[in-house]
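The chain contents come next:
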Amino acid sequence: MSSIDNNNLPLWVQNRDTVLQYSQNVQWRYGKKPDYTRSNEKLASESKYNHPQGSLAALVQNLVRSFDVEANFKTNPAEWLTIVQDKFRMSTNGGTEYTVADLVQSGTYKLLIGNTQHYRASEENFETSTNLFHTAFPDGFLWEVVEIYSAPPTITFKWRHWGYFQGAYKDYAPTGQMIEVIGISVVNITDDLKILSLEHYYDNNNFLDKLTSGGKLANLSQSRQAEGGIQPPGSLYQKFWAFIKQVFTKRKELATENFPASSCPFAALLR
């Protein structure tokens, strides 16, 4: 297959919200279908690539986004539309080939990152891994296709993942900066545009280095305490006591000049 018939497209390569609209009687992980309203708003304002409707790039983007919905929210593989259930495999950087059952159990974050210095997939489960990255990126971690390199049935494409690091990652402080991940994927699809295999290639260590670049929260807290206690520099608390000390020192100087040494040390304040 070398081309796609844009006049008769299946549901799973249409817009993600359209797929959700027609997903009825589904076993959703949290009891209801996900809401991508905020994600759609951010995509509209932050996407760099607006692929023409019906283009191969747009179709691949729709397919992978719908796959991501199913991987994270559909707990019954028989209800997945985007893949060939008994043949599907997914790998990252040439590693282990995972099945749809693995995805349902572990989720995408765990299987896409693996065991590294700053993330141990073997010590995480679906919930802990998901919460870890949702905390680090409270406004979402968006994804889009950048460029298509080859046509079906084996489509090679470049993508970008991005979000603002505004929440703590484990015990590392957020930097507030945008983190962008660039990668390459190879997807093999059937004649009816379902995924047979999905291979991802990207620098997972570089991604995690950015998530730990802000330093440990405990070290930052100790540093601030060493600089002047638990109150932040320039706080109202510090300014108030600096003023009191200044007044007291001035009054004490006046007292020394105008009163005998045996007078009450607070006499200048009682005048």
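Model, not experiment: these values are computed from the prediction.

Trainee: So what exactly am I meant to see when it comes to the overall build of the chain here?
Mentor: Each helix and strand in the chain was counted, giving nine helices and five strands. Helices and strands appear in the chain in the N-to-C order α-α-α-β-α-α-α-β-β-β-β-α-α-α. Here the chain holds 271 residues, and the buried ones make up 39% of them. Within the chain, contacts between residues separated by at least 24 positions form 59% of all contacts whose residues are at least 6 apart in sequence.

Trainee: Sorry if this is basic, but what is going on with the pattern of salt bridges here?
Mentor: Opposite charge on two side chains permits pairing when their charged atoms draw close. For the structure shown, the criterion picks out seven salt bridges. Measuring nitrogen to oxygen at the nearest pair gives 2.8 Å for the salt bridge that ties Arg 38 to Asp 139. Taken as a pair, Arg 38 in helix 2 (residues 37-46) and Asp 139 in the loop between helix 6 (126-136) and strand 2 (142-148) lie far apart in primary sequence, 101 residues in all. Overall, Arg 38 belongs to the exposed group, its relative accessible area being 52%. Measuring nitrogen to oxygen at the nearest pair gives 2.7 Å for the salt bridge that ties Arg 160 to Glu 180. Of this pair, Arg 160 sits in strand 3 (residues 154-164) while Glu 180 sits in strand 4 (residues 178-189), placing them 20 residues apart in sequence.

Trainee: What is the right way to read helix 7 (residues 204-211) from this model?
Mentor: Because an α-helix completes one turn every 3.6 residues, residues spaced three or four positions apart along the sequence face the same direction. Of all the positions in helix 7, only Asn 204, Phe 207, Leu 208 and Leu 211 are classed as buried. Along the axis of helix 7, the buried residues cluster in a sector spanning 90°; they form a single face. Against the buried residues of helix 7 lie helix 5 (108-113), helix 6, strand 4 and strand 5 (195-202). For helix 7, the side-chain oxygen to backbone nitrogen distance between the N-cap and Asn 205 is 3.2 Å, and the N-cap itself is Asp 203.

Trainee: Is there a simple way to think about the nonpolar core in this case?
Mentor: The nonpolar side chains of soluble globular proteins are, as a tendency, buried together. Ranked by size, the top nonpolar core spans 44 residues in total, and within it Phe 67, Phe 88, Phe 157, Tyr 169, Phe 207 and Leu 211 carry the most contacts. The leading source of residues in this core is helix 3 (residues 56-73), at seven residues. Beyond its immediate sequence surroundings of up to four residues, Phe 67 is in contact with Trp 80, Thr 82, Ile 83, Phe 88, Met 90, Leu 103, Ile 195 and Leu 198. One finds Val 26, Trp 28, Tyr 36 and Val 69 within the second-largest nonpolar core, a separate group that totals six residues.

Trainee: Would you mind going over the side chain of Glu 124 with me for this structure?
Mentor: Of note, Glu 124 is situated in the loop between helix 5 and helix 6. Comment: no salt bridge for buried Glu 124; closest opposite-charge side chain is Lys 170, at 4.2 Å. Setting aside its immediate chain neighbours within four residues, Glu 124 contacts Lys 110, Tyr 119, Ser 129, Leu 132 and Lys 170.

Trainee: Would you mind going over the environment of Ile 179 with me for this structure?
Mentor: Mapped onto the elements, Ile 179 comes out in strand 4. It is 6.1 Å that separates the C-alpha atoms of Ile 179 and Tyr 164, two residues lying 15 residues apart in sequence.

Trainee: In this structure, what is going on with the sheet that holds strand 3? I would like to understand it.
Mentor: Pairing between the strands of a sheet comes from backbone hydrogen bonds, and it takes one of two forms, parallel or antiparallel. Taken in spatial order, the five strands of this open sheet run 1-5-4-3-2, and their pairing is mixed. At either margin of the open sheet sits one strand with a lone partner, and together these are strand 1 (89-92) and strand 2. When the angles between neighbouring strand axes are averaged without regard to direction, this sheet yields 25°. Set on the sheet, helix 2 makes contact with strand 2 and strand 3; between it and strand 2 the angle comes to about 45°.

Trainee: In this structure, what is going on with helix 6? I would like to understand it.
Mentor: Every buried residue belonging to helix 6 is among Phe 126, Ser 129, Thr 130, Leu 132, Phe 133 and Ala 136, and all of these are buried. Along the long axis of helix 6, the arc covered by the buried residues comes to 155°, so they all point the same way. Here the buried face of helix 6 lies against helix 3, helix 4 (100-106), helix 5, strand 3 and helix 7. For helix 6, the N-terminal cap is Asn 125; the gap from its side-chain oxygen to the backbone nitrogen of Glu 127 is 3.0 Å.

Trainee: Help me understand the packing of aromatic side chains in this model?
Mentor: The geometry of an aromatic ring pair is captured by the separation of the ring centres together with the interplanar angle, meaning the angle of the planes. Within the structure shown, the criterion is met by 13 aromatic pairs. Look at Phe 137 and Phe 207: their rings are 6.5 Å apart centre to centre, the planes differ by 15°, and that puts the pair in the stacked class. Taken together, the residues Phe 137 in the loop between helix 6 and strand 2 and Phe 207 in helix 7 connect sequence positions 70 residues apart. Judged by relative accessible area, Phe 137 falls into the buried class, the value being 4%. Note on Phe 207: relative accessible area 6%, which makes it buried. Taking NZ or CZ as reference, Arg 29 lies 3.6 Å from the ring centre of Phe 126, over its face. Between the NZ or CZ atom of Lys 194 and the centre of the ring of Trp 12, over which it lies, the distance is 4.3 Å.

Conventions adopted
- Residues numbered from 1 in each chain as written.
- Predicted model: local features only at pLDDT ≥ 70, side-chain atom pairs only at ≥ 80, totals over all residues.
- Heavy atoms only, no water.
- Helix = DSSP H or I, 4+ residues; strand = E, 2+ residues; numbered from the N terminus.
- Buried < 20%, exposed > 50% of the residue type's maximum accessible area, 1.4 Å probe, protein only.
- Contact = heavy atoms within 4.5 Å.
- Salt bridge = Lys/Arg side-chain N within 4 Å of Asp/Glu carboxyl O.
- Arc of directions from axis to C-beta.
- Polar contact = N/O pair within 3.5 Å; in protein donor to acceptor, adjacent residues only side chain to side chain.
- Core = buried A, V, L, I, M, F, W, Y, C linked by side-chain atoms within 4.5 Å.
- Lys, Arg positive; Asp, Glu negative; His and termini not counted.
- Pairing = 2+ DSSP bridges.
- Axes fitted to C-alpha atoms, helices over the stretch in contact; angles between N-to-C directions.
- Phe/Tyr/Trp six-rings, centres within 6.5 Å; stacked < 30°, edge-to-face > 60°.
- Lys NZ or Arg CZ within 6 Å of the ring centre and 35° of its normal.

All we've got here are geometric facts, nothing functional implied.
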